[in-house]
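Fold and geometry: a report
Chain by chain, the residues:
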Amino acid sequence: MNVDKAKKLIAKQVKKGDKGYPKIAIEYFGASTECATHVALRFTLEEGAEVQEEVFSSKTDVRESEVIQSAIVKVIQRADAKTVVEVQGVSAL
């Protein structure tokens, strides 16, 4: 799947808003706001459940990585996430 299609699918899920559990939160991290070298996916199955985290990293911007963006889409689909939240911007490492 190309990176633009993956980004659109993620944005579509985020746009749906809070629909309950399971939830996935996506947060990008980097040394600067221009380049995110890490992305953390936090999965919560139900209210009060332990949060599971998976981190992907790259030497280049993960937001432009076809492989990583496609992997995020697959995680959302396989988890059957009802809610997807994306933290805006790039958080400092």
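Heads up: these notes are all about the structure in this document. From a predicted model like this one, the values you see are computed outputs, not experimental measurements.

Quick look at the pattern of salt bridges now. Per the counting criterion, the structure on display carries six salt bridges. In this structure, Asp18 engages Lys23 in a salt bridge whose closest nitrogen and oxygen atoms are separated by 3.3 Å. For Asp18, a relative accessible area of 55% corresponds to the exposed category. A residue is classified by how much of its surface remains accessible, and Lys23, at 21% relative accessible area, is partly exposed. Arg42 is paired through a salt bridge with Glu53; the nearest N and O atoms lie 2.8 Å apart. Here Glu53 lies in strand E3 (residues 52-57) and Arg42 lies in strand E2 (residues 38-44), a separation of eleven residues in the sequence. The partly exposed category is assigned to Arg42, whose relative accessible area is 26%.

What follows is about the sheet that holds strand E1 (residues 23-30). Backbone hydrogen bonds are what pair the strands of a sheet, in a parallel or an antiparallel way. An order of E3-E2-E1-E4 is seen for the four strands of this open sheet, with the pairing classed as mixed. Looking at the sheet topology across the chains shown, the edges are occupied by E3 and strand E4 (83-92). Looking at each pair of strands side by side, their axes are set apart by 15° on average, direction ignored. Pairing of E1 with E4, which is carried by seven bridges, proceeds in the parallel orientation. Bridge pairing links Gly30 to Ala92 in E4. Where helix H2 (residues 66-79) meets the sheet, its contacts fall on E1, E2, E3 and E4, and the angle it forms with E1 comes to roughly 160°.

We now examine unusual backbone geometry. As a rule of thumb, non-glycine residues mostly have phi less than zero, and peptide bonds are mostly trans rather than cis. Tyr21 connects to Pro22 through a cis peptide bond whose omega is 0°. Even without being glycine, Asp80 reaches a positive phi, approximately 50°. Among the structural elements, Asp80 can be located in the loop between H2 and E4. A relative accessible area of 47% means that Asp80 is categorised as partly exposed.

Quick look at the environment of Lys82 now. Along the polypeptide, Lys82 turns up in the loop between H2 and E4. A relative accessible area of 37% means that Lys82 is categorised as partly exposed. Beyond its immediate stretch of four places on either side in the chain, Lys82 contacts Gly17, Lys19, Gly20, Tyr21 and Pro22. Here Asp80 takes part through its side chain, which lies 3.2 Å from a polar atom of the side chain of Lys82.

Rules used in this analysis
Residues numbered from 1 in each chain as written. Predicted model: local features only at pLDDT ≥ 70, side-chain atom pairs only at ≥ 80, totals over all residues. Heavy atoms only, no water. Salt bridge = Lys/Arg side-chain N within 4 Å of Asp/Glu carboxyl O. Buried < 20%, exposed > 50% of the residue type's maximum accessible area, 1.4 Å probe, protein only. Helix = DSSP H or I, 4+ residues; strand = E, 2+ residues; numbered from the N terminus. Pairing = 2+ DSSP bridges. Axes fitted to C-alpha atoms, helices over the stretch in contact; angles between N-to-C directions. Contact = heavy atoms within 4.5 Å. Polar contact = N/O pair within 3.5 Å; in protein donor to acceptor, adjacent residues only side chain to side chain.

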